[in-house]
Amino acid sequence: MTDPAVRPDPSERMCPSTPAANATVFLGMITPAGRVAYVTPATPAEVALAAAGDADTPVESRYRLAGPCVTSSCGFWTGDHCGLGARLAASYQEAVGPTEVELPKCAIRRTCRWFAEQGPAACPACSHVVTDTR
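What counts, and at which threshold
- Residues numbered from 1 in each chain as written.
- Predicted model: local features only at pLDDT ≥ 70, side-chain atom pairs only at ≥ 80, totals over all residues.
- Heavy atoms only, no water.
- Salt bridge = Lys/Arg side-chain N within 4 Å of Asp/Glu carboxyl O.
- Helix = DSSP H or I, 4+ residues; strand = E, 2+ residues; numbered from the N terminus.
- Buried < 20%, exposed > 50% of the residue type's maximum accessible area, 1.4 Å probe, protein only.
- Pairing = 2+ DSSP bridges.

Caption draft 1: Local environment of the pattern of salt bridges. Here the structure, examined in full by the defined rule, presents 1 salt bridge. Here Arg113 makes a salt bridge to Glu117, at a shortest N to O gap of 3.2 Å. Here the residue Arg113 and the residue Glu117 both occupy positions in helix H3 (residues 113-118), the gap between them amounting to 4 residues, near one helical turn. For Arg113, a relative accessible area of 7% puts it in the buried group.

Put into structure tokens, the structure is as follows:
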């Protein structure tokens, strides 16, 4: 059994796909293949935002950023869980099927909203998400 003292409070959950305006953690870079190349250990979002400069494309289309889950302030919040994380995990499993995959080295897994709610099924789907706020 997991020691409750080491489990983060649900109110401290991180969104693994947040807009730059709410970002606190740089999760990774988007590869040309459209997948996330994760960065570990946790790196402040300011690192990615400073490197982004004044490019013509949104920073979210090049970098994956994480930030505090804003629950009811987010359009994906269902009232008790993240609807986006649930949809992504389900659609990925439907398309690919249940597979045994090695989970990526993710800097926020311990506090990740999607992982907390969907378990390891969220991780393969997460690596394909590009947050583009055009």
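Caption draft 2: Up close: the pairing of strand E2 (residues 25-30). Of all 6 residues in E2, 5 are buried, a share of seventy percent or more. Across 5 bridges, the pairing between E2 and strand E3 (residues 36-44) is antiparallel. Of the residues in E3, the one forming a bridge with Val25 is Pro44. Hairpin connection from E2 to E3: 5 residues lie between these consecutive antiparallel strands, with Gly34 at a positive phi of about 85°. Where E2 and strand E4 (residues 63-68) come together, 4 bridges link them in antiparallel fashion. Within E4, the residue paired with Gly28 across the bridge is Arg64.

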